[in-house]
Amino acid sequence: MIASVLPLISILAAIVLLGLTGNLFSSSPFVIAAQVAAVLLNVWARTSFKKGTFRVTAAPSGTSLITRGPYRLIRHPMYSAALLFIWAGVAGHVSAFTVAIGIAATILCIIRVIVEERLLRATFPDYLDYSKSTKALIPYVF
């Protein structure tokens with residue numbers, strides 16, 4: 001449970017820390033576009049869940065694997081959205097501090113993905129096939 005929740009809290013903390021230090025938002029149209037895309041991806045992923053099946057922990061809920069919406073292309077679109085949002089902020093305010101936050105958030109996100117992947121494989125027999133046909137975080141890449 002702690003291996004599931006701690007990375008999530010850390011990712012949210014990275015967003016808050018970037019925001020509190022003035023390093024999250026930018027006037028750059030590219031940063032704005034990327035962050036709007038990240039929010040839209042997160043909303044799209046969240047609306048792909050059946051009512052009552054979304055959980056904050058990595059433990060799967062529901063009786064079926066979600067393969068609709070953005071889950072057709074990537075297995076973890078909410079984590080992808082969080083990383084896109086963070087790295088867009090980093091790109092708008094490049095410094096050793098912001099890059100370190102981006103790297104830490106990415107590492108923690110990957111840890112969360114690994115934990116969740118193990119749980120999903122144990123819960124859904126068809127997850128292995130699904131994971132072979134989709135990428136984890138970046139469509140067609142990774």
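Heads up: the structure comes first, above all this text.
A brief look at the structure comes next.

Rules behind the numbers
Residues numbered from 1 in each chain as written. Predicted model: local features only at pLDDT ≥ 70, side-chain atom pairs only at ≥ 80, totals over all residues. Heavy atoms only, no water. Patch = residues over 30% accessible without salt bridge, like charges linked within 9 Å, V, L, I, M, F, W, Y side chains within 5 Å. Areas by Shrake-Rupley, 256 points an atom, 1.4 Å probe, with all protein chains shown as cover. Salt bridge = Lys/Arg side-chain N within 4 Å of Asp/Glu carboxyl O. Helix = DSSP H or I, 4+ residues; strand = E, 2+ residues; numbered from the N terminus. Buried < 20%, exposed > 50% of the residue type's maximum accessible area, 1.4 Å probe, protein only. Core = buried A, V, L, I, M, F, W, Y, C linked by side-chain atoms within 4.5 Å. Contact = heavy atoms within 4.5 Å. Expected span 1.5 Å × (residues − 1). Phe/Tyr/Trp six-rings, centres within 6.5 Å; stacked < 30°, edge-to-face > 60°.

Comments concerning a nonpolar patch on the surface
Together, Leu73, Ile110, Ile114, Ile138, Tyr140, Val141 and Phe142 make up a nonpolar patch on the protein surface, roughly 700 Å² of accessible area in all. Relative to the assigned elements, Ile138 resides in the segment after α5 (127–133). On the basis of relative accessibility, which here comes to 44%, the residue Ile138 falls in the partly exposed class.

Things to note about the nonpolar core
Ranked by internal contacts, the top residues of the largest apolar core, which has 18 residues, are Leu18, Ile86 and Leu137. If you list the elements that add at least two residues to this core, you get α1 (2–20), α3 (77–92) and α4 (96–123). With six residues, α3 is the largest single contributor of residues to this core. The residues contacting Leu137, other than those within four sequence positions of it, are Ile74, His76, Tyr79, Ser80, Leu83, Val113 and Phe142. Ala45, Phe49, Leu65 and Tyr71 belong to the second-largest nonpolar core, a separate cluster that totals 10 residues.

Considerations on the pattern of salt bridges
Here the structure, examined in full by the defined rule, presents three salt bridges. Ionic pairing is found between Arg112 and Glu116, a salt bridge with its closest N-O pair at 3.8 Å. Taken as a pair, Arg112 and Glu116 lie in helix α4 at a separation of four residues, close to a single helical turn. Glu116 carries the same exposure label as Arg112, and that label is buried.

Here we look at α3
Since the α-helix turns once every 3.6 residues, residues separated by three or four places project in the same direction. Taking 1.5 Å of rise per residue, the 16 residues of α3 would be expected to cover 22 Å, and the 22 Å separating its terminal C-alpha atoms lies within 8% of that figure. Every buried residue of α3 is accounted for by Pro77, Met78, Tyr79, Ser80, Ala81, Ala82, Leu83, Phe85, Ile86, Ala88, Gly89 and Val90.

Focus: the packing of aromatic side chains
Within the structure shown, the criterion is met by three aromatic pairs. Geometrically, the ring pair formed by Phe49 and Tyr71 is edge-to-face, given 5.9 Å between the ring centres and 85° between the ring planes. One end of the pair, Phe49, is in the loop between α2 (29–47) and α3; the other, Tyr71, is in the loop between α2 and α3, and 22 residues separate them in sequence. On the basis of relative accessible area, Tyr71 is assigned to the buried category, the value being 8%.

Remember, this is a structural readout, not a statement about activity or role.
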